[in-house]
Every structure is written in C-alpha cells, then in structure tokens.
Amino acid sequence: MANERYTPAIKELPSDERPREKLIKYGAESLSNAELLAIILRVGTQEYSAIGMAEHIIAKFSGIRGLVSASVEELSSIKGLGIAKSAQIKAMIELGKRLARAAAESRVSIRNPQDIVDYVNPYLRDEPKENFMALFLNTKNEVLKTRTITVGILDSSLITPRELFREAIAMNSASVIVAHNHPSGDPAPSKEDIALTRRLIESGKLIGIDVLDHVIVGDNKWISLRERNLI
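Just so it is clear, the model here is predicted, and its values are computed rather than measured.

What counts, and where the lines are drawn
- Residues numbered from 1 in each chain as written.
- Predicted model: local features only at pLDDT ≥ 70, side-chain atom pairs only at ≥ 80, totals over all residues.
- Heavy atoms only, no water.
- Core = buried A, V, L, I, M, F, W, Y, C linked by side-chain atoms within 4.5 Å.
- Buried < 20%, exposed > 50% of the residue type's maximum accessible area, 1.4 Å probe, protein only.
- Helix = DSSP H or I, 4+ residues; strand = E, 2+ residues; numbered from the N terminus.
- Contact = heavy atoms within 4.5 Å.
- Axes fitted to C-alpha atoms, helices over the stretch in contact; angles between N-to-C directions.
- Left-handed = near helix turned anticlockwise from the far one by under 90°.
- Nonpolar A, V, L, I, M, F, W, Y, C, P; charged D, E, K, R; others polar.
- Salt bridge = Lys/Arg side-chain N within 4 Å of Asp/Glu carboxyl O.
- Arc of directions from axis to C-beta.

Regarding the nonpolar core
- Within the largest apolar cluster, 20 residues are counted, with the highest numbers of intra-cluster contacts made by Leu 37, Leu 41, Ile 57, Leu 67, Leu 75, Leu 81 and Ile 89.
- Within the residue set of this core, elements represented by two or more residues are α2 (33-41), α3 (50-60), α4 (64-69) and α6 (83-105).
- For this core, the element with the highest residue contribution is α3, accounting for six residues.
- Leave out the neighbours within four places in its chain, and Leu 41 touches Ala 50, Met 53, Ala 54, Ile 57, Leu 81, Lys 85 and Ile 89.
- Residues Ile 110, Tyr 119, Leu 137 and Val 215 belong to the second largest nonpolar core, which totals 15 residues.

Laid out in structure tokens, this is it:
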C-alpha cells in the first residue's frame, strides 16, 4: 500500500543495527519494542520485514499494553502470523509477567501505599477485567502469600469476609491488604469499593486480623483508600 513505510530486511541492515546483534552488544534495554518482538518473529513476510511486521503487530493492538491483552486467536488473525508464532508471543508475554511478579515478590516488606502498588502492579496493571487480590502479611508486614479472590465486576456478594479471612487464618496472618484494578484506567473508588472495604475491616476486627488498606490501580495512577481517609 502507498502509505506503508518501507522497512529493510534485517539482513540488509548494518550488522550493528540488527536486533539480535544489538542485543548481544548493547543489552536488551537498548532495543525498541519492535526490535525485541522482531527477535521473536525471526522472519518477516512478503509485505513486511521482521521489524516491519513487529511494528505492524504493535500498532494493530494500539501498543504494548494492547498486545499483552491479545489472545492467540486475535494474534493469529493477522496476516502472516500463524498459530505457532502467536503462541510464542503469548509465551514471551507470560514469561515477562512471571519475571515481573518474581521481582515484586523479592520486595516483601510493605511500609506504605507505594510499596503496595509496586507489589501488585505486575499482577493487575494489564488485566482487561477487574481482579481483586489479597496480600497476607506477618507481624513484620512481610508478604506471606498473595491470592486472587475473584475476577470480574467487583461485587460484595462474590467477595465475602469468609472467603478472605479463611485464607488469612490458614496462613496465620497478622494483617491483610486488598487491591484491585480498574481496567477503565481511572482508579477513583466507587461507593461499592468503599462499602466493601469497610465491611471487610469490621469483619477483621472481630477475628483480630487488621485490613490495613485497599489500593485501586488504574492506568499509571492509583489510590489508597487509607491514604485518602476513606476507610
């Protein structure tokens, strides 16, 4: 098509500009998103070089975040990208998520709302649906375990104190922090968010397990209900 930007084949590029060679010489952080994806693709199509194809895929899903949420079926619907390559891309994305979670889990001490956000972001940031999760802490405010309680529209009928505190008691937790994401990108809490949190706090008092905070994550924004004096 006339408006498509020509991208040279990788073999046409100078050796120090080829993605794989750049990664080896300068490190993965020196590569663009398209160059990293091109390494996974390895080859292009008749229409696109590998880098051009990577740029096309990223643009198709409106950026990396859209790509993270894309299914194998959605990926493989792109001309020139079959099931095998689509599965490789999804595997790469999932591995990246797990590495991010592993890094988060090394920061086990929760001291303030920012620590909560740093911990839960790898779990919640790119999820297309609301995920409500709990962090179970010991007396030193170290994370013993995390658990996703429910996925979908936040509903107090789905998130019961019994569901939350059964796990907390089993872990011998001293306290609990809850968090969820707003896929709309706006972390402003709803009346239901506040009411549910207050209900959990009151239930926790009865059994001696404090609910320390409820953090809502949006698009590069977050809100701590405790910090806002909403609970």
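From this point, the discussion proceeds with the structure in view.
Concerning the packing of α2 against α3
- Across the interface, α2 lies against α3 with an axial gap of 8 Å and an inter-helix angle of 115 degrees. As α2 packs across α3, the resulting crossing turns out to be right-handed. Residues Asn 33, Ala 34, Leu 37, Ala 38 and Leu 41 of α2 lie in contact with α3, whose contacting residues are Ala 50, Ile 51, Met 53, Ala 54, Glu 55, Ile 57 and Ile 58.
- Classifying every residue of the contact of α2 with α3 by side-chain character gives ten nonpolar, one polar and one charged.

Some words on the pattern of salt bridges
- According to the stated counting rule, one finds nine salt bridges in the structure shown.
- Note that Lys 205 is salt-bridged to Glu 202, the shortest N-O span being 3.5 Å. Of the two residues, Lys 205 and Glu 202 are both situated in helix α9 (residues 191-207); the distance of three residues between them amounts to about one turn of the helix.
- For Glu 202, a relative accessible area of 45% corresponds to the partly exposed category.
- In this structure, a network of salt bridges that share partners links the residues Lys 145, Arg 147 and Glu 167.

Quick look at helix α8 (residues 161-170)
- Within α8, burial applies to Pro 161, Leu 164, Phe 165, Glu 167 and Ala 168. Seen along its axis, α8 keeps its buried residues to an arc of 155 degrees; they face one direction. Residues of α8 that are exposed and point over 90 degrees away from its buried face: Arg 162, Ile 169 and Ala 170.
- Directly after α8, the chain includes Asn 172, whose backbone phi takes a positive value near 55 degrees.

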